[in-house]
Amino acid sequence: MDNAPRMKAVAGSRIIGTGSALPQRAVGNEELVAELAQRGVHTSDAWIVERTGIRQRYLAEPGLTTAGLGARAARSALEAAAVTADSIDLIVLASSTADQIFPSTACLIQAELGIRGGAAFDVQAVCSGFVYGLAVADALLRTGAHRRALVIGSELFSRILDWNDRTTCVLFGDGAGAVVLEASDRPGLLAQRLHADGSRARILCTAGRVDQGKIEGDPFLRMDGQAVFKVAVEVLEASAREVLEAGGLTVSQLDWLIPHQANIRILTATARRLGLPAERMIVTVDRHGNTSAASVPLALDWGVRCGMIRTGHSVLLQGVGGGLTWGSVLVRM
Ligand code: ACO
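Bringing the overall build of the protein chain into the picture now. Looking only at helices and strands, one finds 10 helices and 15 strands in the protein chain. A compact globule built from 333 residues would reach a C-alpha radius of gyration of about 20 Å, and the protein chain, at 19 Å, matches this within 12%. Expressed as a percentage of its 333 residues, the buried residues of the protein chain come to 54%. A separation threshold of at least 6 residues defines the contact pool for the protein chain, and within that pool the share at least 24 residues apart is 78%. Counting only carbon and sulfur atoms, one obtains 51% of the accessible surface of the protein chain, whose full area is about 14400 Å². Each charge sign in the protein chain was given a centre, from 33 positive and 33 negative side chains, and these centres are 4 Å apart.

Taken together, five strands build an open sheet; the order of strands is 1-7-6-4-5 and the sheet is mixed. Two strands bound the open sheet, and with one partner strand each, they are strand 1 (12-21) and strand 5 (119-123). Taking the axes of each pair of neighbouring strands and ignoring which way they run, one obtains an average angle of 20° across the sheet. Relative to strand 7 (residues 174-184), strand 1 runs antiparallel, the two sharing nine bridges. Within the sheet, the bridge partner assigned to A21 lies in strand 7 and is A176. Across the sheet, helix 3 (residues 66-81) is in contact with strand 1, strand 6 (148-156) and strand 7; its angle to strand 1 comes to roughly 120°.

In the neighbourhood of the ligand, 26 residues make up the surrounding shell, with T43, R51, C127, Q226 and N263 lying closest. R265 places a polar side-chain atom, nitrogen or oxygen, 3.2 Å from an oxygen atom of the ligand. Relative to its unbound accessible area of 1000 Å², the ligand is 75% covered by the protein chains. Contributing elements (two or more residues each) for the shell around the ligand: helix 2 (45-52), helix 6 (166-169), helix 7 (225-247), helix 8 (264-274) and strand 14 (314-321). The element contributing the most residues to the shell around the ligand is helix 7, with four residues.

Along its sequence, the protein chain is organised into domain 1 (12-184) and domain 2 (189-332). Between domain 1 and domain 2, the residue contacts involve 54 residues of the former and 47 residues of the latter. For domain 1, the biggest contributors to the area lost against domain 2 are C127, V131 and Y132; these three give 17% of the whole. In this assembly, domain 1 and domain 2 are joined by two salt bridges. With its nearest N and O atoms 3.1 Å apart, the salt bridge here joins R222 to D162. Linking domain 1 to domain 2 there are 25 residue pairs in polar contact (both at pLDDT 80 or more). In the side of domain 1 that touches domain 2, the residues fall into 25 nonpolar, 18 polar and 11 charged.

Before going further, it helps to spend a moment on the pattern of salt bridges. Tallied over the full model, the rule gives 12 salt bridges. Two residues, R148 and E182, come together in a salt bridge whose shortest N-O distance is 2.5 Å. Of the two residues, R148 is situated in strand 6 and E182 in strand 7; the sequence distance between them amounts to 34 residues. With a shortest N-O distance of 4.0 Å, D286 and R287 are connected by a salt bridge. A residue is classified by how much of its surface remains accessible, and D286, at 23% relative accessible area, is partly exposed. The exposure class of R287 is partly exposed, given its relative accessible area of 30%. Among the charged side chains, a network of salt bridges with common partners joins D162, D165, D218 and R222.

With that settled, consider the pairing of strand 6. With nine of its nine residues buried, strand 6 lies for the most part within the structure. The two faces of strand 6 match: R148, L150, I152, S154 and L156 on one face and A149, V151, G153 and E155 on the other face are all buried. As judged from the nine bridges shared by strand 6 and strand 7, these two strands associate in the antiparallel manner. In the sheet register, V151 faces strand 7, and the bridge partner there is V179.

The α-helix advances 3.6 residues per turn, and as a result positions three or four apart in sequence lie on the same side. Spanning 15 residues, helix 5 (residues 129-143) covers 22 Å between terminal C-alpha atoms, matching the ideal 21 Å at 1.5 Å per step. Turning to helix 5, its buried residues number three or more, namely G129, F130, V131, Y132, G133, L134, A135, A137, D138 and L141. Once helix 5 ends, the next one or two residues include G144, with phi positive near 90°.

Between helix 3 and helix 4 (residues 105-112), whose axes approach to 9 Å, the crossing angle comes to 55°. Taken as axis vectors, helix 3 and helix 4 run oblique relative to one another. The interaxial crossing formed by helix 3 with helix 4 has right-handed handedness. Across from T66, A67, G68, G70, A71 and R75 in helix 3, the residues of helix 4 making contact are T105, L108, I109 and E112. Per-class residue counts for the contact of helix 3 with helix 4 are four nonpolar, four polar and two charged.

Calculation notes
Residues numbered from 1 in each chain as written. Predicted model: local features only at pLDDT ≥ 70, side-chain atom pairs only at ≥ 80, totals over all residues. Heavy atoms only, no water. Helix = DSSP H or I, 4+ residues; strand = E, 2+ residues; numbered from the N terminus. Rg over C-alpha atoms; globule rule 2.2 N^0.38 Å. Buried < 20%, exposed > 50% of the residue type's maximum accessible area, 1.4 Å probe, protein only. Contact = heavy atoms within 4.5 Å. Areas by Shrake-Rupley, 256 points an atom, 1.4 Å probe, with all protein chains shown as cover. Lys, Arg positive; Asp, Glu negative; His and termini not counted. Charge placed at Lys NZ, Arg CZ, Asp CG, Glu CD. Pairing = 2+ DSSP bridges. Axes fitted to C-alpha atoms, helices over the stretch in contact; angles between N-to-C directions. Near = heavy atom within 4 Å. Polar contact = N/O pair within 3.5 Å; in protein donor to acceptor, adjacent residues only side chain to side chain. Domains from an automatic or database assignment. Buried area = accessible area lost by both parts, 1.4 Å probe. Salt bridge = Lys/Arg side-chain N within 4 Å of Asp/Glu carboxyl O. Nonpolar A, V, L, I, M, F, W, Y, C, P; charged D, E, K, R; others polar. Expected span 1.5 Å × (residues − 1). Parallel < 35°, antiparallel > 145°, perpendicular 65-115°, else oblique. Left-handed = near helix turned anticlockwise from the far one by under 90°.

This is the structure:
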């Protein structure tokens, strides 16, 4: 330890590029409704739109992997940042749909990108995963031990959905989003707070596990939708207020709110409780469905590529999901 070269701590980190990737197949509500009807599962476009705001989701083709989709999002972020993969010395991958028990999907992405060395690991915080990953990467970059990170959210939730359960299978989709985060003396990550309440693990979980070569327990996503709804609205409001205060900004000074894209009713209720005009919130749940850890970076990249989110804008990124976990990161782009 004594012989280790001195690391020079830096003031913080900033996002220098965003990217995303989606499977090829977009499945609209009508198409999904027809496919589910063939299994004897009955739902409708009207129910899905009215209760969730979702109009379509992307579903992975067989053979697509979480690492493959994550690597595509990472390449798109590297291109936007105009930096090469070999300049990355830290990869943090947020996912609940890892390709293997081990090694981590982050390591698989590292290999796919042709990166050697640095650090690579997964963060498991379900739909809060990207926000957790961003906070962790920022903390590592501040130490000076790492210079440039990829923070990625990549999910293939279609693989853990019970297609006979209409209360969950219409809600989720597959996708990936990424950012390149760089150590900087002009910090762009202004404040962050992360939370968890493990006593509420059962309201949203995929409880199955592999034991002695067999799946033990339920391998599908299960959710008490109403319980999740209630707590999501409460914690998103509290978390937004907490992190805005920590970052020294008021709601009226915030350019964009990007909450986890679970349900349009959760998003609009959060904006209303904060007194934030709905047009200052990025909404992509209609086009992507709920993509868990990928939802926030997908929405961020969409907002950037549409020209809505610009350099200098303040953006509040918010996660809430299984665990229960929640948290926010306030960013200056
Ligand atoms: N199509 C048609 N009818 C349906 C469907 C469907 N797909 N799903 C449920 N219904 C029916 C129910 O059976 C029920 O019928 P009943 O009244 O005859 O019993 C009726 O619709 C109402 O069901 P509710 O569960 O009360 O519907 P609700 O308005 O609460 O909406 C929903 C359900 C959309 C799941 C909502 O509770 C919700 O969005 N919750 C939060 C979910 C969420 O955010 N999850 C992600 C968290 S992120 C993560 O970590 C993965």
